[in-house]
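For reference, the chains in residue letters:
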Amino acid sequence: MAPTDFGSLKKNRNNSLEKLNAQLEKISQKSYSDPNEGKYWKPVRDKAGNGFAVIRFLPAPQGEEMPFVRVWDHGFQGPTGLWYIENSLTTLGQDDPVSEFNSKLWNSGVESDKEQARKQKRRLKYVANIYVVKDPANPDNEGKVFLYAFGKKIFDKLNDLMNPTFEDEDPVNPFDLWEGANFRLKIRQFEGYPNYDKSEFDAPSPLFEDDDELEAVWKQEHPLQDLLDPKNFKSYAELKAKLYRVLALAEDSPEPTAAFAAYDTDEDDDLDLSNLRSAPAPEPAVAQTSAASDDDDDDLSIFKELARG
């Protein structure tokens, strides 16, 4: 019972610590539900940073035209210690407060502003359905269908297979169940970052010879267009409010009050902390720099939790 006067506060103070600890226990056990939890697959790397798996990219789900979707997002830490990790409204072709703020920084002509804009640049990831053929780190995943988020390096390999450079190479649709190809995902640690250069496609072959088995896999696919539903994106006003809170900006002052830390990542398959350095495409009016690694690959779940609010 809450104290109603100073006397009751003093009398019941011995119970305060017990009640406080009980409340803290409830808070620590509180979990946030993620509607996509369990739907995504990510490769596991060993202590040396190496990983291996065989996956098959799948065709468009039922009722959809494309086998993948593109999503832009931002991820960085502000001087407040808070993280900004949000989908960008540019994914939907709408104005986004971070992109606009980055453009202002870049156009200021101040080198420190340009550096900040680089650190806040948006990141592109692709999401597709995959069938896990072989997963030595997690054999229970084999034979199952998952969503897979990946970055530019792996997308380039898909594109190279569909549009070969040399005339003696035939184009292959890697998303085809019959004439596609298994993808050998090979991750190695290179200069401190995950590298995907050694990943390669097998020769084209059916995923299964039996059409009934192929149909069963196809029917297990997860919708992709749902990821582009506006309900998965915060409004412009909400994003702006969060941006100002993370960067400690005043509404009447468009300039940050302090420098902030960059959120750097390098791959987007599995999304980890070494990731956000590479940007596959430039922000409007903001020049981009190349990354020390290939893409964006690590799980941002911990940082998404930190970024809530």
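Keep in mind that this is a model prediction, so the values were computed, not measured. (Residues numbered from 1 in each chain as written. Predicted model: local features only at pLDDT ≥ 70, side-chain atom pairs only at ≥ 80, totals over all residues. Heavy atoms only, no water.)

A few words now on the overall build of the chain. Summing up its helical and strand segments, the chain has 8 helices and 8 strands in all. Looking at the chain residue by residue over its 309 residues, the buried ones come to 42%. As displayed, the chain has an accessible area near 16,600 Å², and 50% of this comes from carbon and sulfur atoms. (Helix = DSSP H or I, 4+ residues; strand = E, 2+ residues; numbered from the N terminus. Buried < 20%, exposed > 50% of the residue type's maximum accessible area, 1.4 Å probe, protein only. Areas by Shrake-Rupley, 256 points an atom, 1.4 Å probe, with all protein chains shown as cover.)

The next point concerns the pairing of strand β5 (residues 145-150). Counted residue by residue, β5 has 6 buried out of 6 residues, so it is predominantly covered. Neither face of β5 is exposed, since V145, L147 and A149 on one face and F146, Y148 and F150 on the opposite face are all buried. Note that strand β4 (residues 123-134) and β5 share 6 bridges and pair antiparallel. For I130, the partnering residue across the bridge sits in β5 and is F146. (Pairing = 2+ DSSP bridges.)

What follows deals with the pattern of salt bridges. All told, the structure shown has 10 salt bridges when counted by the stated rule. Here R118 makes a salt bridge to E111, at a shortest N to O gap of 3.3 Å. For R118, a relative accessible area of 18% puts it in the buried group. Given a relative accessible area of 48%, E111 falls into the partly exposed group. Several salt bridges converge on common partners, so that one network encompasses E86, K234 and K242. (Salt bridge = Lys/Arg side-chain N within 4 Å of Asp/Glu carboxyl O.)

Overall, the prediction assigns the chain a mean pLDDT of 80, with 70% of residues at 70 or greater. Ignoring residues within four places in sequence, the model shows residues 27-34, a span with pLDDT below 50, making 2 contacts including any to other chains. (pLDDT = per-residue confidence, 0-100. Contact = heavy atoms within 4.5 Å.)

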